[in-house]
There are 2 protein chains.
Amino acid sequence: MSVDAVGTVRRGRGARRKQRETRDVAMLPALKRRLPLTEPMTAEQIARIDAASMDILENTGVVFRDDTALEDWRRAGADVRGERVHLDRGLVRELIATIPETFTYHARDPRKSLPFGADHAMFVPMTGAPYLRDLEDVRRNPTLEDLANFHRLSHMLPAMHSSAHHIVEPYDHPISQRHLRITYSSMKYSDKTFMGMTTSPKNAEDVMDMCAILFGAEFLETHPVVTGNCNGNSPLVWDETMLGAMRAFCRRNQPVLCSPFVLGGANTPASVAPTVAQLNAEALSALAYTQVIRQGCPAIYGHYLSTVSMKSGAPMAGTPEISLMNLMIGQMARFYGVPWRSSTTLGGAKTFDAQAGYESASTLMALQMAGANYMWHAAGWNEAGMHCSMAKFVVDAEQCAMAYRMAEGIRWDDFDEGLAAVADIGPGGHYLGHPHTLENFQRAFFMPELFDNNSIEQWQAEGAVEVNERSLQRCRDMLNEYEEPKLDAAVDEALRDYIARREREIPAADALNQDY
Amino acid sequence: MSVDAVGTVRRGRGARRKQRETRDVAMLPALKRRLPLTEPMTAEQIARIDAASMDILENTGVVFRDDTALEDWRRAGADVRGERVHLDRGLVRELIATIPETFTYHARDPRKSLPFGADHAMFVPMTGAPYLRDLEDVRRNPTLEDLANFHRLSHMLPAMHSSAHHIVEPYDHPISQRHLRITYSSMKYSDKTFMGMTTSPKNAEDVMDMCAILFGAEFLETHPVVTGNCNGNSPLVWDETMLGAMRAFCRRNQPVLCSPFVLGGANTPASVAPTVAQLNAEALSALAYTQVIRQGCPAIYGHYLSTVSMKSGAPMAGTPEISLMNLMIGQMARFYGVPWRSSTTLGGAKTFDAQAGYESASTLMALQMAGANYMWHAAGWNEAGMHCSMAKFVVDAEQCAMAYRMAEGIRWDDFDEGLAAVADIGPGGHYLGHPHTLENFQRAFFMPELFDNNSIEQWQAEGAVEVNERSLQRCRDMLNEYEEPKLDAAVDEALRDYIARREREIPAADALNQDY
């Protein structure tokens with residue numbers, strides 16, 4: 001069968017214009033997984049990891065570099081020796097038992113609120129990049145306008161369920177006040193769920209206050225509307241900044257990601273199973289602390305997970321051990337009944353080359369099979385998180401849409417009609433004109449828009465453009481088409497007033513604090 | 001934690017030279033899977049596909065465009081009407097029951113023979129490309145020397161378990177005699193398993209004769225040493241060329257891949273489950289025929305599987321439905337107890353850009369979870385099979401090595417030692433100098449050699465080279481280091497004599513016949 005023979009529609013300029021006009025920017029509902037997950041550990045092996053983690057918590061203990069936390073732990077009945085907190089397994093189990101297994105993430109457009117946890121999952125763009133590769137593929141420090149553009153794209157990309165927060169670090173605004181502008185940008189340019197800065201306890205309080213303005217203080221108290229990420233310092237340390245920010249979120253009943261920051265082999269043992277045992281102990285210690293702060297408040301089992309090249313010390317991505325550890329950590333999170341965050345389209349490539357594609361797709365597929373609920377860093381990540389690539393941002397988002405489709409599983413609703421078509425067509429025919437095909441072709445097979453599957457002759461006739469340049473053009477088109485979601489004028493003014501007041505109060509100097 | 005702080009070894013020129021001198025070219029043993037597979041269908045749904053396929057075979061029937069096959073089927077008790085063979089499900093089940101579930105593939109170096117089927121799997125390079133992207137990244141028609149280079153690389157790449165056959169089509173030799181030179185090249189430049197040309201029944205006979213020279217005629221009769229691929233013409237047609245080649249292989253007890261050639265939506269219904277039902281019927285009809293030819297001869301459930309863009313008619317790769325269908329087909333092959341071939345690192349990109357990376361990695365990961373035994377097209381495939389990329393060839397092979405490592409699953413043998421290291425190091429330390437790290441770092445975490453994970457400053461200092469150029473350099477280095485495996489001089493002479501005789505007998509003209 002010649003491939004050319006089945007072509008029926010040719011894409012010309014007119015067709016491309018029409019496609020732009022009708023681009024689908026409707027957000028996909030929260031993903032509900034229907035494929036079986038990959039669970040490499042037996043119940044016995046899960047119990048072995050659990051026991052090892054509990055041993056670490058009891059015998060080695062975890063350092064909480066924060067007086068308030070140490071005092072909280074003492075009151076909660078932990079064995080506190082200096083900065084080191086030894087946690088009895090009974091206490092840990094009792095505390096984490098009150099973490100909600102599922103909840104709803106509320107967006108300012110209530111149609112974009114998302115069920116979360118168990119078999120529901122959502123995609124969140126990358127965060128924290130100190131550089132971007134921009135619309136001209138130039139690597140430079142980002143501005144507030146660049147950040148706004150990423151929030152605009154997040155708003156328009158169907159598989160993105162969140163506009164996150166500081167996708168890129170806006171260098172054109174004083175660092176000490178940046179969290180206010182970042183939060184406003186997340187709220188203003190997208191009406192999806194978003195994240196909140198945890199760069200200091202006071203910054204986190206500002207985020208809470210702004211959420212109270214956007215959603216109402218009372219609503220906030222009883223509805224998760226924002227997520228904070230709190231990184232641990234592996235091995236087995238939580239610091240004052242993160243713990244203070246955690247308290248700011250938990251006190252207002254807003255979920256935090258409790259994320260050990262693991263560079264496997266450097267800050268964990270050079271081995272898969274012991275690394276998971278340590279990471280699990282670290283996550284449990286912070287998850288337990290969220291419940292000391294406020295019993296019943298939502299919290300998420302998190303991590304940033306890389307392995308380190310023992311040749312160069314560089315963090316790696318897309319490697320088999322990272323995939324295996326993700327599969328294992330998914331099992332542990334489900335064992336404890338806590339929602340779980342992992343990182344999706346990671347990679348270490350310096351440009352948007354084939355390396356970036358392999359690394360990101362491998363990680364994304366492994367995460368799908370692992371069953372992560374909160375799929376973070378799902379668009380734009382490159383260069384080990386040092387830059388966010390605009391080109392990669394839109395390609396990753398399409399990859400997430402494809403992963404979404406795959407996780408939905410097999411449709412059987414037209415099985416008999418499809419078989420009737422086989423009988424109709426018989427040996428040697430083709431299906432292109434058959435009524436079943438005409439009825440089903442739109443939904444039957446995913447058609448990636450950013451991948452070129454044309455013949456080389458067509459591709460050359462269209463300028464021999466590689467995926468990087470095609471995707472940058474897509475970004476330009478989308479930003480041209482962007483329509484800002486309506487924000488109530490009074491709310492907008494209140495947010496701006498709050499920012500103006502706080503910017504008068506906060507001196508325009510501080511230390512950069514990155515949040516992977 | 002600063003990433004730079006963990007770097008201990010810097011790679012300079014000296015280090016790279018040393019690495020070349022000690023490059024590991026030892027073939028990995030046959031992969032034995034230890035991860036659970038992803039099985040999206042319930043037993044009931046498997047039965048539903050099976051029943052639908054059997055209905056197709058009984059009621060719609062399959063066209064065998066070949067008088068010998070029709071005569072064979074009549075003798076076997078099938079209901080033959082014209083060219084159309086209606087196969088009773090009882091007959092089909094009886095016939096496929098004699099296909100061996102497992103066997104050993106014999107290589108000319110017996111240490112490279114491979115257990116095959118059930119939970120064993122092997123990687124095979126791409127085949128059939130009419131173009132290559134060469135060492136200078138130029139797209140052109142290949143020569144016999146290009147083919148030899150791909151066989152040399154296959155010989156040296158640890159995760160490649162086969163040198164295949166016509167990885168690229170050598171255009172510098174008359175097409176009617178090409179199969180002889182291709183087969184010789186597979187045999188000569190690598191001592192791994194290989195494949196045999198099926199471009200005509202007579203060509204297949206030549207391959208059998210050459211295998212008899214290489215392995216001995218008697219050995220051949222009782223040991224699988226070569227594989228033929230026989231493509232179907234979906235929907236539901238097998239042609240004379242393929243059936244004749246199939247007979248040549250089966251009569252000598254050599255396995256064939258029975259491969260429906262599916263462009264989902266064009267030659268199957270526009271729907272996942274009915275497509276699998278049709279493909280399954282097609283595969284079963286050919287698998288059954290192998291047992292009519294010679295009861296008990298090995299045979300492999302195959303397919304080439306793409307979905308078609310309903311916008312352009314182009315075949316696509318790496319899409320969610322292809323992944324889902326692979327998962328389903330794996331379940332069907334295991335249901336019938338027949339070894340299963342699928343295609344691994346497919347893609348439609350025109351160059352080795354990020355698109356190629358995403359597509360290939362997605363397909364590879366899905367195949368891993370699907371449990372294919374014979375993972376074909378596992379290196380070099382690009383542009384929907386129109387070219388084999390030298391750069392991509394070595395990167396794909398490294399990806400296969402990573403997939404191999406992942407499929408091996410979790411090691412627990414140093415779990416207690418790793419936990420002892422956690423207790424030793426305690427909160428806030430690092431593991432780089434710990435004895436457990438020094439003992440385990442080499443095997444703990446896979447370190448891809450073709451992916452750059454260094455800082456941007458280091459990468460720039462080394463010339464800012466993207467993965468395409470790095471990989472071409474790797475190919476040049478490997479071809480410089482290549483050592484030809486010893487072939488017995490008498491056998492070599494006998495093979496050359498055979499080729500010389502056949503080239504005198506065969507007129508130097510014929511039609512191009514491609515074999516995906």
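Note that the coordinates shown come from a computational prediction; the quantities given were computed from them, not determined experimentally. (Residues numbered from 1 in each chain as written. Chains lettered and ligands numbered in written order. Predicted model: local features only at pLDDT ≥ 70, side-chain atom pairs only at ≥ 80, totals over all residues. Heavy atoms only, no water.)

## Concerning the pairing of strand S11 (residues 226-231) of chain A
Residue and element names in this part refer to chain A.
Turning to step 1, where the next piece is worked out: Counting buried positions over the 6 residues of S11 gives 6, a clear majority of the element.
Turning to step 2, where the next piece is worked out: Burial of the side chains of S11 extends over both faces: Val226, Gly228 and Cys230 are buried on one face and Thr227, Asn229 and Asn231 on the other.
Turning to step 3, where the next piece is worked out: Examined bridge by bridge, strand S10 (residues 194-196) and S11 share 3 bridges and lie parallel to one another. Residue pairing across strands places Phe194 opposite Val226, the latter belonging to S11.
Turning to step 4, where the next piece is worked out: Alignment of S11 against strand S13 (residues 256-259), held across 4 bridges, turns out to be parallel. Each bridged residue has a counterpart across the sheet, and for Asn231 the counterpart in S13 is Ser259. (Buried < 20%, exposed > 50% of the residue type's maximum accessible area, 1.4 Å probe, protein only. Helix = DSSP H or I, 4+ residues; strand = E, 2+ residues; numbered from the N terminus. Pairing = 2+ DSSP bridges.)

## Description of the packing of helix H14 (residues 415-425) of chain A against helix H2 (residues 43-60) of chain B
Turning to step 1, where the next piece is worked out: The contact between H14 of chain A and H2 of chain B brings their axes to 11 Å, and the two run at 20°. Considering their axes alone, H14 of chain A and H2 of chain B lie roughly parallel with respect to each other. For the pair H14 of chain A and H2 of chain B, the sense of crossing is right-handed. Counting all contacts with H14 of chain A, which are made through Phe415, Asp416, Leu419, Val422 and Ala423 of chain A, the residues of H2 of chain B involved are Arg48, Ile49, Ala52, Ile56 and Thr60 of chain B.
Turning to step 2, where the next piece is worked out: The class makeup of the residues in the contact of H14 of chain A with H2 of chain B is 7 nonpolar, 1 polar and 2 charged. (Axes fitted to C-alpha atoms, helices over the stretch in contact; angles between N-to-C directions. Parallel < 35°, antiparallel > 145°, perpendicular 65-115°, else oblique. Left-handed = near helix turned anticlockwise from the far one by under 90°. Contact = heavy atoms within 4.5 Å. Nonpolar A, V, L, I, M, F, W, Y, C, P; charged D, E, K, R; others polar.)

## As for the interface of chain A and chain B
How big an interface is tends to be expressed through the accessible area that disappears when the partners come together.
Turning to step 1, where the next piece is worked out: Taken together, the contact pairs 127 residues of chain A with 126 residues of chain B.
Turning to step 2, where the next piece is worked out: Both sides together, the interface formed by chain A and chain B hides about 10600 Å², and carbon and sulfur atoms give 70% of it.
Turning to step 3, where the next piece is worked out: Of all residues in chain A, Lys311, Tyr358 and Phe445 of chain A give up the largest surface area on contact with chain B, accounting jointly for 9% of the area buried on that side.
Turning to step 4, where the next piece is worked out: A salt bridge links Glu321 of chain B to Arg405 of chain A, with the shortest nitrogen-to-oxygen separation between them at 2.6 Å.
Turning to step 5, where the next piece is worked out: Taken together, the links from chain A to chain B amount to 26 residue pairs in polar contact (both at pLDDT 80 or more).
Turning to step 6, where the next piece is worked out: Broken down by element, the residue count for the side of chain A that touches chain B peaks at 11 residues, all from helix H12 (residues 354-370) of chain A.
Turning to step 7, where the next piece is worked out: Residues that form the side of chain A that touches chain B fall into these classes: 65 nonpolar, 41 polar and 21 charged. (Buried area = accessible area lost by both parts, 1.4 Å probe. Salt bridge = Lys/Arg side-chain N within 4 Å of Asp/Glu carboxyl O. Polar contact = N/O pair within 3.5 Å; in protein donor to acceptor, adjacent residues only side chain to side chain.)

## Topic: unusual backbone geometry
Residue and element names in this part refer to chain A.
Turning to step 1, where the next piece is worked out: Pro235 follows Ser234 through a cis peptide bond whose omega is 0°.
Turning to step 2, where the next piece is worked out: Within the secondary structure layout, Pro235 lies in the loop between S11 and strand S12 (237-239).
Turning to step 3, where the next piece is worked out: The phi dihedral of Ala164 falls on the positive side, at around 55°, and the residue is not glycine.
Turning to step 4, where the next piece is worked out: Position of Ala164 relative to the elements: it lies in the loop between helix H5 (144-156) and helix H6 (178-189).

## Some points on the nonpolar core
Turning to step 1, where the next piece is worked out: Trp73 and Tyr301 of chain A together with Trp73 and Tyr301 of chain B are the most contacted members of the largest nonpolar core, which totals 357 residues.
Turning to step 2, where the next piece is worked out: Every residue in contact with Trp73 of chain A, bar those within four places of it in the chain, is listed here: Phe64, Ala78, Val80, Val85, Leu87, Leu91, Leu95, Ser285, Ala288, Tyr289 and Val292 of chain A. (Core = buried A, V, L, I, M, F, W, Y, C linked by side-chain atoms within 4.5 Å.)

## Details of helix H13 (residues 390-407) of chain B
All names here are of chain B.
Turning to step 1, where the next piece is worked out: Counted at 1.5 Å a residue, the expected span for H13 with its 18 residues is 26 Å, and the 26 Å between its end C-alpha atoms agrees.
Turning to step 2, where the next piece is worked out: The backbone nitrogen of Ala391 lies 3.4 Å from a side-chain oxygen of the residue at the head of H13, namely Ser389.
Turning to step 3, where the next piece is worked out: Within two residues after H13, Gly409 carries a phi angle of roughly 85°, on the positive side. (Expected span 1.5 Å × (residues − 1).)

## Some words on the relation of the copies chain A and chain B
Turning to step 1, where the next piece is worked out: Each copy superposes on the other: chain A lies on chain B with an RMSD of 0.0 Å after a rotation of 180° and an axial shift of 0.0 Å. In short, the pair behaves as if placed about a two-fold rotation axis.
Turning to step 2, where the next piece is worked out: A share of 99% of the interface residues of chain A reappears at the interface of chain B, consistent with the copies meeting face to face through the same patch. (Least-squares fit on C-alpha atoms with pLDDT ≥ 70 in both.)

## Examining the side chain of His151 of chain A
Turning to step 1, where the next piece is worked out: Here His151 of chain A is to be found in helix H5.
Turning to step 2, where the next piece is worked out: With residues near it in sequence (within four places) discarded, His151 of chain A still touches Ser163, Ala164, His165, Ile167, Ile182, Ser185, Ser186, Tyr189 and Ser190 of chain A.

## Remarks on the sheet that holds strand S2 (residues 62-65) of chain B
Residues and elements named next belong to chain B.
Turning to step 1, where the next piece is worked out: Pairing within the open sheet is mixed, and its 4 strands lie in the order S3-S4-S2-S12. Each having just a single partner strand, strand S3 (79-81) and strand S12 (237-239) make up the two edges of the open sheet. Recorded for the sheet is a direction-independent mean angle of 25° between the axes of neighbouring strands.
Turning to step 2, where the next piece is worked out: Across 3 bridges, the pairing between S3 and strand S4 (residues 84-86) is antiparallel. Note that in S4 the partner of Arg81 across the bridge is Arg84.
Turning to step 3, where the next piece is worked out: Against the sheet, H2 makes contact with S2 and S4, and its axis sits at roughly 125° relative to S4, the strand it touches most.
Turning to step 4, where the next piece is worked out: In this fold helix H9 (residues 240-251) packs onto S2 and S12, with an angle of close to 70° to the strand it touches most, S12.

## A closer look at the packing of aromatic side chains
Turning to step 1, where the next piece is worked out: This structure, assessed with the given rule, holds 34 aromatic pairs over all chains.
Turning to step 2, where the next piece is worked out: Here Phe64 of chain B and Trp73 of chain B contribute two aromatic rings whose centre-to-centre distance is 5.7 Å and whose plane-to-plane angle is 70°, an arrangement assigned as edge-to-face.
Turning to step 3, where the next piece is worked out: Given a relative accessible area of 0%, Trp73 of chain B falls into the buried group.
Turning to step 4, where the next piece is worked out: When the ring of Trp73 of chain B is compared with that of Tyr289 of chain B, the centres are 5.8 Å apart and the planes differ by 35°; the resulting orientation is tilted. Of this pair, Trp73 of chain B sits in helix H3 (residues 67-76) while Tyr289 of chain B sits in helix H10 (residues 272-293), and the two are 216 residues apart along the sequence.
Turning to step 5, where the next piece is worked out: When the ring centre of Tyr189 of chain A is taken as reference, the NZ or CZ atom of Arg152 of chain A above it lies at 4.6 Å. (Phe/Tyr/Trp six-rings, centres within 6.5 Å; stacked < 30°, edge-to-face > 60°. Lys NZ or Arg CZ within 6 Å of the ring centre and 35° of its normal.)

## Observations regarding the confidence of the model for chain A
All names here are of chain A.
Turning to step 1, where the next piece is worked out: When the pLDDT values of chain A are averaged, the result is 94; 94% of them are 70 or greater.
Turning to step 2, where the next piece is worked out: Here residues 1-11 is a poorly scored stretch, pLDDT under 50, and it has 26 contacts once near neighbours within four places are set aside; other chains count.
Turning to step 3, where the next piece is worked out: Of the regions scoring below 50 in pLDDT, residues 511-516 engages in 29 contacts with residues more than four places distant in sequence or in other chains. (pLDDT = per-residue confidence, 0-100.)

## As for the pattern of salt bridges
Residue and element names in this part refer to chain A.
Turning to step 1, where the next piece is worked out: By the definition in use, this model includes 78 salt bridges over all chains.
Turning to step 2, where the next piece is worked out: Its salt-bridge partner being Glu39, residue Arg334 comes within 2.7 Å of it at the nearest N-O pair. Taken together, the residues Arg334 in helix H11 (residues 320-336) and Glu39 in the loop between strand S1 (31-32) and helix H2 (43-60) connect sequence positions 295 residues apart.
Turning to step 3, where the next piece is worked out: Using a relative accessible area of 38% as the deciding quantity, one classes Glu39 as partly exposed.
Turning to step 4, where the next piece is worked out: For Glu221, the salt bridge identified is with Arg294, shortest N-O distance 2.5 Å. Of this pair, Glu221 sits in helix H8 (residues 217-222) while Arg294 sits in the loop between helix H10 (272-293) and strand S15 (299-301); the two residues are 73 residues apart in sequence, bridging distant segments of the chain.
Turning to step 5, where the next piece is worked out: Judged by relative accessible area, which is 30%, Glu221 ranks as partly exposed.
Turning to step 6, where the next piece is worked out: Judged by relative accessible area, which is 24%, Arg294 ranks as partly exposed.
Turning to step 7, where the next piece is worked out: The network of salt bridges with shared partners includes Lys188, Glu484, Asp492 and Arg496.

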